[in-house]
Amino acid sequence: MPALAATATPNAFRFLLAWRGVLIPLLLLLYLALFTSTLTPLLQSLTPVGAPVIYIRDSFINLIGWHLLLVVLSIAAASLIAITAAILVSRPSGADFLPLARSLANLGQTLPPVAVLALAVPAVGFGSWPALIALFLYGLLPIFENTLAGLSQVRPEIKEAAKGIGMGPMQVLWRVELPLALPVIITGVRLSVIISIGTATIGSTVAAKGLGEVIIAGLLTDNLSFILQGGVIVALMAMLFDALFQRIESCLSLGQNS
Amino acid sequence: MIELQGLTRVFGERTAVDNLNLRVESGQICALIGTSGCGKSTTLKMINRLIEPTSGTVLINGEDIRNQQPEQLRRRIGYAIQGIGLFPHRSVYDNIATVPRLLNWSSEQVDQRVHELLDLLKMDFDTFAHQYPHRLSGGEQQRIGVARALAARPELMLMDEPFGALDPLTRERLQGELKQIQRMLGITIILVTHDIEEAIRLADQIAVMDGGKLLQAASPRELLRNPREGFVSQLVGGEERALRLLSLSPIADLVQPTELFELNEDTPSIDAHLTLRDALARQLWQRSPVLRVVDANGATCGAISVQELLSAGGGN
């Protein structure tokens, strides 16, 4: 069936082209995580004599899973809080709290995650909790600011029309403001996710599970190969999620280029 | 019937609308006209409670609008503003379906209504229903805005400068369509404009506002013949008044029997449904004091002379 083939091929090609930003990091990541040992000859020269070339104390898939869990949980919580706060302070009744909310979100970004870790350990002990707290605080600001920006760029005439044809305040918010602000909000979440993927590595200094373990092990034993493995995998994860969120953003804003 | 009684709105120090009394009969178009900041939009928004009056009442069919939830009230009143009020993230279909869905119509009812409205506005369902607003021209967007306002079969429609952003040709065409639809559905329209031509073309009653006060409310003919001194006179235009007055009447009103004139093949002809203003323009252009008047089938049904026009276009 030549006709079918002729239409199927460009479609598949277009799909690959659109998703290449996601697929390339994904494939590289899978390769690195599952077949790290095939790189042994390459990494040999970076390893001190007698030391292991490939990190073996835990599987990379496992570490990636833990790393992502940390990021997803903290950014989910940060999104929930930051988006809710931005919605509240963008309502007429909450406008008074805008400066306060803004300075709190800024504070989260200003405190270095390392300092947060150091402060959190005495309070909640070693493990994943201090890392979650640090990532959560660090992730608030981009999401908060982008939600505010997204909501404020909805043209007043559109909100007035929505109100004028009989939508209540919640309906205007859910059916008009949030859908229109969504691409910008997603951009904020994307920024926070990418920052967190990188920042989560230092969580390993307080015994949070994640890819930071590999890098820290490398630093402690002067093993450049370990540092490279951990670093490259983290970088690929960041690229993967960046591309994934960009795809979501472009799909969302497809219908509404006004 | 809509009645505004002693309607006043004060914003801080400024009185935007000052003790306004106005009555609009059912099935009529009322144009609120004035310069920007004269309070016409504020007045309009007090009718659907987008703005609450400082004092005074609005009665719709004798019932005080404060007895209804604002949202419930607004769903019963069509509301159309300049085309930019469409929801950019929703298709034409979903834009039109907004109010029926708020009123929990079944999806079959919604679907049928969207078809009807696109039909009414002479827009092809398959071409337009699933487009997004940014893909439409200004005139098409405005039509959808009107369709959305009409979706839940309101008896009253409020329009805030609905044709303000359109080019003159499109504007004139849409004004014609609006008037036709309004006559067909028998709805009441209150419309805000700053364009006196638009008000004269569309309205049964023109309410002139300045500085928050209603200066004069009258039919277009009355307003042109007897404008109050000052702002109203300025607005309706000095010399141009005569032409605007002529534009209010169809040629049919002044047709005389052909026997009174000597018509021959060279006498220019004109359609009976055009206005007296068109007839005068044709007479000037063709340098002919008499025109043959023809009906829709092209048959001669009389004649119109420049003398008759002179008697109709004058002041008192």
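Residue positions are given per chain, counting from 1 as you read along its sequence in written order. Naming scheme: in the order in which they are written, chains are lettered from A and ligands are numbered from 1. In view of the model being predicted, local features appear only for residues whose pLDDT reaches at least 70, and side-chain atom pairs are presented and counted only at 80 or more, with totals across whole chains, interfaces and linings using the full set of residues. Note: side-chain values were computed over all heavy atoms of the structure, leaving out hydrogens and water.

Engineer: Before we go on, may I ask you to explain the overall build of chain A in this structure?
Structural biologist: Across its full length, chain A holds 11 helices and 0 strands. For the purposes of this entry, the term helix denotes a DSSP run of H or I that reaches at least four residues, the term strand denotes a run of E that reaches at least two, and both are numbered from the N terminus. Sequence-ordered secondary structure for chain A, helices as α and strands as β, is α-α-α-α-α-α-α-α-α-α-α. Taken along its principal axes, the extent of the C-alpha atoms in chain A is 75 × 70 × 20 Å. Buried means the residue's accessible area, taken with a 1.4 Å probe over protein chains only, is under 20% of the maximum for its type, while exposed means over 50%, and partly exposed covers the values in between. Taking all 258 residues of chain A together, 43% fall into the buried category. Across chain A, every contact between residues at least 6 apart in sequence was considered, and the portion connecting residues at least 24 apart equals 78%. Working note: accessible area of chain A is about 13200 Å², and carbon and sulfur atoms make up 75% of it. Put simply, chain A has 12 plus and 10 minus side-chain charges, and the middle of one group is 8 Å from the middle of the other. Note on contacts: a residue pair qualifies if any of its non-hydrogen atoms lie within 4.5 Å across the two residues. Only the protein chains shown count as cover for residues, with accessible areas throughout obtained via the Shrake-Rupley method and a probe of 1.4 Å. Note on charges: Lys and Arg go in the positive column, Asp and Glu in the negative column, and His and the chain ends are not counted at all. To locate a charge, the coordinates of NZ of Lys, CZ of Arg, CG of Asp or CD of Glu are taken.

Engineer: How should the interface of chain A and chain B be read in this particular structure?
Structural biologist: Often, the extent of an interface is quoted as the loss of accessible area on bringing the components together. Residue-level contacts link 23 residues of chain A with 21 residues of chain B. When chain A packs against chain B, the two sides together hide about 2000 Å² of surface, and 63% of this comes from carbon and sulfur. For this analysis, a salt bridge means a side-chain nitrogen from Lys or Arg found within 4 Å of a carboxyl oxygen belonging to Asp or Glu. Counting every contact that joins chain A to chain B gives 1 salt bridge. Here K45 of chain B and E160 of chain A are joined by a salt bridge, their closest N and O atoms 3.1 Å apart. A 3.5 Å cut-off defines polar contacts: any pair of N or O atoms within that distance qualifies, except that in protein one atom must be a possible hydrogen donor and the other a possible acceptor, and neighbouring residues in sequence count only when both atoms are side-chain atoms. Here chain A and chain B share 5 residue pairs in polar contact (both at pLDDT 80 or more) between them. Elements that contribute at least two residues to the side of chain A that touches chain B include exactly α8 (156-164) and α9 (169-199) of chain A. Ranked by residues supplied to the side of chain A that touches chain B, first place goes to α8 of chain A with 7 residues. Once two parts are put together, the accessible area they lose, assessed with a 1.4 Å probe and summed over both, is termed the buried area.

Engineer: When you look at the packing of aromatic side chains in this model, what are you seeing that I'm missing?
Structural biologist: Both the distance between ring centres and the angle between the ring planes are used here to describe each pair of aromatic rings. Note on aromatic contacts: the rings of Phe and Tyr and the six-membered ring of Trp form a pair at centre separations within 6.5 Å, being stacked when their planes are under 30 degrees apart, edge-to-face when over 60 apart, and tilted otherwise. One pass over the full model with this rule turns up 4 aromatic pairs over all chains. Ring geometry for Y55 of chain A versus F226 of chain A: centroids 5.3 Å apart, planes at 80°, classification edge-to-face. Within this pair, whereas Y55 of chain A is found in the loop between α3 (40-43) and α4 (60-90), its partner F226 of chain A is found in helix α11 (residues 224-253), the two being separated by 171 residues in sequence. With 6.1 Å between their ring centres and 80° between their planes, Y93 of chain B and F125 of chain B make a pair best called edge-to-face. Of this pair, Y93 of chain B sits in helix α3 (residues 92-102) while F125 of chain B sits in helix α5 (residues 125-128); the two residues are 32 residues apart in sequence, bridging distant segments of the chain. Taken as a pair, Y93 of chain B and F125 of chain B share a single burial class, namely buried. Two thresholds decide whether a charge sits over a ring: the Lys NZ or Arg CZ must be within 6 Å of the ring centre and within 35 degrees of the ring normal. Just above the ring of W19 of chain A sits the side chain of R247 of chain A; from NZ or CZ to the centre is 5.0 Å. Over the face of the ring belonging to F87 of chain B we find R148 of chain B, whose NZ or CZ atom lies 4.6 Å from the ring centre.

Engineer: Sorry, what's going on with the sheet that holds strand β13 (residues 300-305) of chain B here?
Structural biologist: Picture the strands of a sheet paired through backbone hydrogen bonds; they go either parallel or antiparallel. Residues and elements named next belong to chain B. At least two DSSP bridges between two strands are needed for those strands to be called paired. With mixed pairing, the 3 strands of this open sheet are ordered in space as β11-β12-β13. Two strands bound the open sheet, and with one partner strand each, they are β11 (269-271) and β13. Each neighbouring strand pair of the sheet contributes to a mean axis angle of 35°, computed without reference to strand direction. Where β11 meets strand β12 (residues 290-294), 3 bridges bridge the pair, whose relative direction is parallel. By the bridge assignment for β12, S269 is matched with R292. To get an axis, fit a line to the C-alpha atoms, keeping to the stretch in contact for a helix; angles then go from 0 to 180 degrees between the N-to-C directions.

Engineer: Can you help me understand the sheet that holds strand β10 (residues 213-218) of chain B in this one?
Structural biologist: Residues and elements named next belong to chain B. Overall, mixed pairing links the 6 strands, which are arranged β6-β7-β8-β3-β9-β10 in an open sheet. Each edge of the open sheet is held by one strand with a lone partner, namely β6 (77-81) and β10. Neighbour to neighbour, the strand axes of the sheet diverge by 15° on average, direction disregarded. Pairing between strand β7 (residues 156-160) and strand β8 (residues 188-193): 5 bridges, direction parallel. Across the sheet, L158 pairs through a bridge with I190, a residue of β8. On the sheet, helix α6 (residues 138-150) packs against β6 and β7 and is oriented at approximately 165° with respect to β6.

Engineer: So what exactly am I meant to see when it comes to the nonpolar core here?
Structural biologist: Nonpolar side chains in soluble globular proteins tend to be buried together. In this structure, F60, F144, V193, I197, L211 and I233 of chain A are the most contacted members of the largest nonpolar core, which totals 53 residues. The set of elements that each furnish at least two residues to this core consists of α2 (20-34), α4, α5 (98-110), α6 (113-124), α7 (128-152), α9, α10 (212-220) and α11 of chain A. Residues contacting F60 of chain A, with those up to four places away along its chain left out, are L32, A33, T36, I54, Y55, L211, V214, Q229 and I233 of chain A. Grouped together as the second largest cluster of nonpolar side chains are 50 residues, L118, A147, I189 and A218 of chain B included. Throughout, nonpolar core names a set of buried Ala, Val, Leu, Ile, Met, Phe, Trp, Tyr and Cys residues whose side chains join them through atoms within 4.5 Å.

Engineer: When you look at unusual backbone geometry in this model, what are you seeing that I'm missing?
Structural biologist: Among all residues except glycine, the phi angle is most often negative; among peptide bonds, the trans geometry is most common. Residue and element names in this part refer to chain B. Located in the positive-phi region is R49, a residue other than glycine, with phi close to 60°. According to the relative accessible area criterion, R49 is buried, its value standing at 13%. Positive phi is not limited to glycine here, since N61 has a value of about 50°.

Engineer: Sorry if this is basic, but what is going on with the environment of L180 of chain A here?
Structural biologist: Residues and elements named next belong to chain A. Relative to the helices and strands, L180 resides in helix α9. When its relative accessible area of 8% is taken as the criterion, L180 is described as buried. A C-alpha to C-alpha distance of 6.6 Å links L180 and V154, two positions 26 residues apart in sequence.

Engineer: Explanation requested: a nonpolar patch on the surface in the structure shown.
Structural biologist: Residue and element names in this part refer to chain A. Only residues above 30% relative accessible area that lack a salt bridge enter a patch, with like-charged residues linked at up to 9 Å and the nonpolar side chains Val, Leu, Ile, Met, Phe, Trp and Tyr linked at up to 5 Å. Judged by side-chain polarity, L26, L27, L30, Y31, L34, F35 and I61 come together as a nonpolar surface patch covering roughly 640 Å² of accessible area. Examining the composition of the nonpolar patch, we find that 5 residues originate from one element, α2, more than from any other. Within the element layout of this structure, L34 appears in helix α2.

Engineer: Can you walk me through the packing of α4 of chain A against α11 of chain A in this structure?
Structural biologist: All names here are of chain A. Orientation of α4 relative to α11, taken along the N-to-C sense of each, is 50°, at an axis distance of 12 Å. The orientation of α4 with respect to α11, classified from their angle, is oblique. Remark: the crossing between α4 and α11 carries right-handed chirality. Residues F60, I64, H67 and L68 of α4 lie in contact with α11, whose contacting residues are Q229, I233, V234, M237 and F241. Working definition: roughly parallel below 35 degrees, roughly antiparallel above 145 degrees, roughly perpendicular at 65 to 115 degrees, and oblique for all remaining angles. Put simply, a crossing is left-handed when the front helix is turned counterclockwise from the back one by less than a right angle, and right-handed when it is turned clockwise.

Engineer: Would you take a moment to explain the packing of α3 of chain B against α6 of chain B for this structure?
Structural biologist: Any two packed helices are characterised by how steeply their axes cross, that is the angle between the axes, and by the distance between the axes. Residues and elements named next belong to chain B. Running from amino to carboxyl end, α3 crosses α6 at an angle of 30°, the nearest separation of the two axes being 7 Å. In terms of their interaxial angle, α3 and α6 are classed as roughly parallel. For the pair formed by α3 and α6, the contact residues are V92, N95, I96, T98 and V99 on the first element and I144, A147 and R148 on the second. Considering only residue class, the contact of α3 with α6 consists of 5 nonpolar, 2 polar and 1 charged. Each residue is assigned to one of three groups, with Ala, Val, Leu, Ile, Met, Phe, Trp, Tyr, Cys and Pro labelled nonpolar, Asp, Glu, Lys and Arg labelled charged, and all others, Gly among them, labelled polar.

Engineer: Sorry if this is basic, but what is going on with the pattern of salt bridges here?
Structural biologist: A side chain with one charge may pair with a side chain of the opposite charge, provided their charged atoms come close. For the structure on display, the rule yields 21 salt bridges over all chains. Three or more residues are tied together by salt bridges with common partners; here these are D58, K209 and E213 of chain A.

Keep in mind that these numbers describe shape and distance, not what the molecule does.
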